[in-house]
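Spelled out from the first residue to the last, the chains are:
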Amino acid sequence: MSATPPAAPSDPAAPYLIAALYRFARFADPEAIAAELRTLCAEVGSCGTLIVAGEGINGTVAGSNAAIAVLVAHVRALPGCADLDVKYARADAAPFARMKVKVKAEIVTLGAGDLDPATQAGDYLDPAQWNALIADPDTVLIDTRNAYEVACGTFEKAIDPATRSFRDFPAWFDAFAADLKAQGRAPKIAMFCTGGIRCEKSTALVMARGFDEVYHLKGGILRYLEEMPEAQSRWQGECYVFDDRVTVGHGLKPGDHVTCRACGLPHPRGSMHDCAGDESGAWPHRG
């Protein structure tokens, strides 16, 4: 996805602009903010999902250029959201069946207590800075995504926590941190995820656990794949995305994975696939 809206497509059969956005901010009345968003989304005819909580906003929406421009401007006007992170892409058809605006306890569920990513997160790195950091053999590189996402692709030498849900990450990290401390190590820790939100919240957790040199990839894997020339890339494989594209590669070109209708897990197109997920389709899921 692009950091700025792509030019209007010349093909009128590809009219949908997709905006993936999030921002950690302090919202005093998430219910009121959600009510305003429901009204606005109905007026502009968007589709997708937005999640609002006391810690901010997260979601992906799609619609016409004008509809998305109105929605993004509205969100940027919310308290603490002027620097809202938005990534854009195009779709030939509506990528979501309907529009949902939900109020939850967290915009991405970690379940680790009172964290404040708006003020407590680690340092952002752009793709070039990221390459330099993870080339350092003393840097601990952690993929904060779930196992089915990591299976599609990840950064070379990244640690895979093998989590089924983001809620599993705090317990995994606490055990990992105990091992580091037993070894007398306090390394630089670099963390990444699809679009930035999970690694940003994860860095707040890691800093709350007493680590000082903590970094995360600004804009996530998606921005890295968009901006980093493939010849200089340290990414291997494809990146799982939570829409009909399933995976994307360098330059955000559509990948070669499809979703199993039985278990909901991604697998390479044309490959044999042993269903290992929840047959209800509840896995994979965001978070």
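Residues numbered from 1 in each chain as written. Predicted model: local features only at pLDDT ≥ 70, side-chain atom pairs only at ≥ 80, totals over all residues. Heavy atoms only, no water.

**Considerations on the overall build of the chain**
When helices and strands are counted, the chain shows eight helices and 15 strands. Looking at the chain residue by residue over its 287 residues, the buried ones come to 52%. Contacts in the chain between residues at least 24 apart in sequence constitute 70% of all its contacts with a sequence separation of at least 6. Entry remark: accessible area of the chain is about 12,800 Å², with carbon and sulfur atoms responsible for 51%. (Helix = DSSP H or I, 4+ residues; strand = E, 2+ residues; numbered from the N terminus. Buried < 20%, exposed > 50% of the residue type's maximum accessible area, 1.4 Å probe, protein only. Contact = heavy atoms within 4.5 Å. Areas by Shrake-Rupley, 256 points an atom, 1.4 Å probe, with all protein chains shown as cover.)

**Observations concerning the pattern of salt bridges**
Any two side chains of opposite charge can pair, on the condition that their charged atoms come close. Summed over the entire model, instances satisfying the criterion amount to eleven salt bridges. Among the ionic pairs, Glu55 bridges to Lys201, the shortest N-O distance being 2.9 Å. Of this pair, Glu55 sits in the loop between β2 (47-53) and β3 (56-63) while Lys201 sits in helix α7 (residues 197-208); the two residues are 146 residues apart in sequence, bridging distant segments of the chain. Residue Glu106 pairs with Lys201 through a salt bridge whose shortest N-O separation is 2.3 Å. Placement of the pair is Glu106 in the loop between β5 (99-103) and α3 (117-120) and Lys201 in helix α7, with a sequence separation of 95 residues. Each member of the pair Glu106 and Lys201 is classed as buried. Taken together, the shared-partner salt bridges in this structure form one network comprising Glu55, Glu106 and Lys201. (Salt bridge = Lys/Arg side-chain N within 4 Å of Asp/Glu carboxyl O.)

**Observations concerning the environment of Ile142**
Within the secondary structure, Ile142 sits in strand β7 (residues 140-143). Accessibility expressed as a relative area gives 0% for Ile142, which makes it buried. Along the sequence, Ile142 and Phe155 sit 13 residues apart, while their C-alpha atoms lie 9.2 Å from each other. Contact partners of Ile142, with chain neighbours within four places excluded, come to Ile159, Pro161, Phe169, Trp172, Phe173, Phe176, Ile189, Ala190, Met191 and Phe192.

**A few points about the sheet that holds β2**
Read from one edge to the other, the open sheet built from five strands follows the order β4-β1-β3-β2-β5, with strand pairing classed as mixed. Each edge of the open sheet is held by one strand with a lone partner, namely β4 (85-91) and β5. Ignoring which end each strand starts from, the neighbouring axes of this sheet average 10 degrees apart. Pairing analysis gives seven bridges linking β2 to β3, with the strands arranged antiparallel. (Pairing = 2+ DSSP bridges. Axes fitted to C-alpha atoms, helices over the stretch in contact; angles between N-to-C directions.)

**Considering the packing of aromatic side chains**
In the structure shown here, the tally under the stated rule is 15 aromatic pairs. With a centroid separation of 5.6 Å and an interplanar angle of 40 degrees, the aromatic rings of Phe169 and Trp172 are classed as tilted. Note that Phe169 and Trp172 are positioned in helix α6 (residues 169-182) at a spacing of three residues, about one turn of the helix. On the basis of relative accessible area, Phe169 is assigned to the buried category, the value being 0%. (Phe/Tyr/Trp six-rings, centres within 6.5 Å; stacked < 30°, edge-to-face > 60°.)

**Observations regarding the nonpolar core**
Of all hydrophobic cores here, the largest spans 26 residues; its most connected members are Ile142, Phe169, Phe173, Ile189, Met191 and Phe211. Elements supplying a minimum of two residues to this core: β1 (16-24), β2, β7, α6, β9 (189-192) and α7. In terms of residue count, α6 provides more of this core than any other element does, six residues in total. Membership of the second largest hydrophobic core comes to 24 residues, among which are Leu17, Leu21, Phe27 and Leu84. (Core = buried A, V, L, I, M, F, W, Y, C linked by side-chain atoms within 4.5 Å.)

**Some details on unusual backbone geometry**
Phi is positive for Lys157, which is not a glycine, with a value near 70 degrees. Considering the arrangement of structural elements, one finds Lys157 in the loop between β8 (153-155) and α6. With relative accessibility at 76%, the residue Lys157 sits in the exposed group. At Ala162, a residue that is not glycine, the phi angle is positive and equals roughly 60 degrees.

**Digging into α7**
Here α7 contains twelve residues, and its C-alpha end-to-end distance of 17 Å stays within 8% of the 16 Å for a straight helix at 1.5 Å per residue. The buried fraction of α7 amounts to ten of the twelve residues, a majority that puts the element mostly inside the structure. Two residues or fewer past α7, Gly210 is found with a positive phi of approximately 105 degrees. (Expected span 1.5 Å × (residues − 1).)

**Some points on the confidence of the model for the chain**
When pLDDT is averaged across the chain, the result is 89; 89% of the residues are at 70 or more. Predicted confidence is poor over residues 8-12, with pLDDT under 50, and the contacts of this stretch with residues over four places away or in other chains come to four contacts. Predicted confidence for residues 277-283 stays below pLDDT 50, and this span has 16 contacts to residues more than four positions away or in other chains. (pLDDT = per-residue confidence, 0-100.)

**A short note on α6**
For α6, which comprises 14 residues, the first-to-last C-alpha distance of 20 Å matches the rise-based estimate of 20 Å (1.5 Å per residue) to within 8%. Listed as buried for α6 are Phe169, Pro170, Trp172, Phe173, Phe176, Ala177 and Leu180. Around the axis of α6, the buried residues are gathered within 150 degrees of arc, so they sit on the same side. Looking at α6, the residues exposed on the side facing more than 90 degrees away from the buried face are Ala171 and Ala182. Contacts from the buried residues of α6 go to β7, β9 and α7. One or two steps after α6, the chain reaches Gly184, where phi turns positive at roughly 75 degrees. (Arc of directions from axis to C-beta.)

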